[in-house]
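A closer look at the structure
Listed below are the residues making up each chain.
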Amino acid sequence: MPRSPEARVPGTTPDFLGFSTKHPTQGAISRARIPAVTVPGAVDLSVNIGALRLPNPILAASGTFGYGVEFARLMDLNRLGGIVVKGLSLEPMAGAPAPRLCETPSGMLNAVGLQNIGARAFVAEKLPALRKYHTAIIANVFGYTIEEYVGVIRILEEAEGLAAYELNISCPNTAHGGIQFGSDPQMVSDVVAAARQAARRPLWIKLSPNVTDIGIIARAAESAGADALTVANTYQAMSIDVRTRKSKLGRPTGGLSGPAIKPITLRLVYEAKRAVKIPVIGLGGIEKAEDVLEYLIVGASATQIGTASFSHPAACLEVLNQLEKYCMRHNINGINSLVSSFQADSA
Ligand SMILES: Cc1cc2nc3c(=O)[nH]c(=O)nc-3n(C[C@H](O)[C@H](O)[C@H](O)COP(=O)(O)O)c2cc1C
């Protein structure tokens, strides 16, 4: 069973994931091999996401990297392309009942319920420490009404040290009978336009994969003012304990992530990129450099790593090192040359 990254760090308090006791860190820390230092500047891994320049295309994904600071003892955060922090709401949220995680073939299900400390506490308690790093910090924002999304952005706008916002639109819109914002083009357009008005910083929209045609949703976000798209969030899924006939999670359903979803999300990135001109950031099931390359080839300008950090907290840097070595071995001087290099005619 995968465990919370926070549970692996001594001296921190768990836990987004419902583990009420602290797990022994012995072993977990020693497994978290700190990647070797590589020669800086050997390969140009820098990427542009609109106006924002990142030193490399490897970002830590929201909800799988805490508020970033928890990982500072395990790796040099300055080496990451960026950190997308845990989703922030207007008020603190306690989250869903345990169990919040369960393992599935080649992946895992989670029902964390978007537990977080709230936007104000993030600004007061986490951002000052994060600001000391020169890595781009991206605030993941969510709400259950458009006003809540805008409220979170207004709080964050007052703070220094954020590079961009990433809007998680996989939330139910309580003003519209609980339909996910991200599943309806009009609702996407409304929430993105409102966020755009409130935000001075770049606005990334993280799309839900639980849609019929991602191109329509991608275009709605772009037309309403998105600077980039993040593709995609987790897939609604279930896992049942046949003995009790109950969900293996504290809720009937959860979100599927990990290697199992990579081929499906890869297709979504490909389709989203064909529909828009703005940059697309790909994520879903990335565990190694080859996974990153696949996402870049079908059109992603950068990638994020989520679930892999649960089994190996230093996964982001491991993948970054692999990517750098791959580029050196294959004489790829600039990583951007790979973006959208997909050969459609090669079966
Ligand atoms: C435990 C857990 C918590 C997550 N929390 C958030 C969140 O707060 N906001 C968000 O936009 N995505 C959240 N996600 C989704 C991930 O950022 C990512 O989109 C998804 O897991 C697919 O990538 P992966 O297969 O590399 O994990 C969460 C995922 C997991 C596994």
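Keep in mind that what you see is a predicted model, and the values were worked out from it rather than measured.

1. Thoughts on the overall build of the chain
In terms of regular secondary structure, the chain is built from nine helices and 18 strands. Considering only intrachain contacts with a sequence separation of at least 6, the fraction spanning at least 24 residues in the chain is 71%.

2. Remarks on the site of the ligand
What surrounds the ligand is a group of 24 residues, the closest being Gly63, Gly87, Ser257, Gly306 and Thr307. Of the residues that constitute the shell around the ligand, the class distribution is seven nonpolar, 15 polar and two charged.

3. Here's the deal with the nonpolar core
Membership of the largest hydrophobic core comes to 98 residues, with the highest contact counts inside it found for Ile83, Tyr165, Trp204, Ile205, Leu207, Leu229 and Val269. Take this core: its biggest share by element is seven residues, from helix α9 (residues 315-329). Once residues lying within four places of it in the same chain are set aside, the contact partners of Leu229 are Trp204, Ile205, Leu207, Ala218, Ala221, Ala272, Val276, Ile278 and Val280.

4. Points about helix α5 (residues 214-223)
Within α5, burial applies to Ile214, Ile217, Ala218, Ala220, Ala221 and Glu222. For α5, the elements touching its buried residues are α4 (185-198), β11 (203-207), β12 (228-231) and α6 (262-275). One or two steps after α5, the chain reaches Gly225, where phi turns positive at roughly 115°.

5. A word on the sheet that holds strand β7 (residues 137-141)
Pairing in this closed barrel of eight strands is parallel, and the strands run β3-β4-β7-β8-β11-β12-β17-β18 around the ring. Put simply, the sheet's adjacent strands are angled 25° from each other on average, direction ignored. Two elements, strand β17 (residues 280-283) and strand β18 (residues 300-305), share four bridges in a ladder whose sense is parallel. Its bridge partner being in β18, Ile281 is matched across the sheet by Ala302.

6. Comments concerning the sheet that holds strand β6 (residues 107-110)
If you trace the four strands from one edge of the open sheet to the other, you get β5-β6-β16-β13, paired in antiparallel fashion. On the outer flanks of this sheet lie β5 (101-104) and β13 (235-237), each paired with one strand and no other. The sheet shows a mean angle of 35° between the axes of neighbouring strands, taken without regard to direction. Looking at chain direction, β5 and β6 are connected through four bridges and run antiparallel. Looking across to β6, one finds that Cys102 is bridged to Leu109.

7. So, the confidence of the model for the chain
Averaged over every residue, the pLDDT of the chain is 90; the share at 70 or more is 88%. Residue range residues 1-38 is modelled with pLDDT below 50. Its contacts to residues more than four positions away, or to other chains, number 70 contacts.

8. Some words on α9
For α9, which comprises 15 residues, the first-to-last C-alpha distance of 21 Å matches the rise-based estimate of 21 Å (1.5 Å per residue) to within 8%. Among the residues making up α9, those that are buried are Ala315, Cys316, Leu317, Glu318, Val319, Leu320, Leu323, Glu324 and Cys327. Buried residues in α9 make contact with β3 (58-60), α7 (289-297), β18 and α8 (308-311). Of the residues one or two after α9, Asn331 is the one with positive phi, at around 55°.

9. Digging into unusual backbone geometry
Note that the residue after Ala98, namely Pro99, is joined by a cis bond; omega there is -5°. Mapped onto the elements of the fold, Pro99 is located in the loop between β4 (82-84) and β5. The amide bond that connects Val231 to the next residue, Ala232, takes the cis arrangement and shows omega of 10°. One non-glycine residue, Leu114, lies in positive phi territory at about 55°. A positive phi angle, close to 60°, is found at Arg245, a residue other than glycine. Position of Arg245 relative to the elements: it lies in the loop between β14 (240-241) and β15 (246-247).

What counts, and at which threshold
Residues numbered from 1 in each chain as written. Predicted model: local features only at pLDDT ≥ 70, side-chain atom pairs only at ≥ 80, totals over all residues. Helix = DSSP H or I, 4+ residues; strand = E, 2+ residues; numbered from the N terminus. Contact = placed C-beta atoms within 7 Å. Near = placed C-beta within 6 Å. Nonpolar A, V, L, I, M, F, W, Y, C, P; charged D, E, K, R; others polar. Core = buried A, V, L, I, M, F, W, Y, C linked by C-beta atoms within 7 Å. Buried ≥ 20, exposed ≤ 12 C-beta atoms within 10 Å, placed from the backbone. Pairing = 2+ DSSP bridges. Axes fitted to C-alpha atoms, helices over the stretch in contact; angles between N-to-C directions. pLDDT = per-residue confidence, 0-100. Expected span 1.5 Å × (residues − 1).

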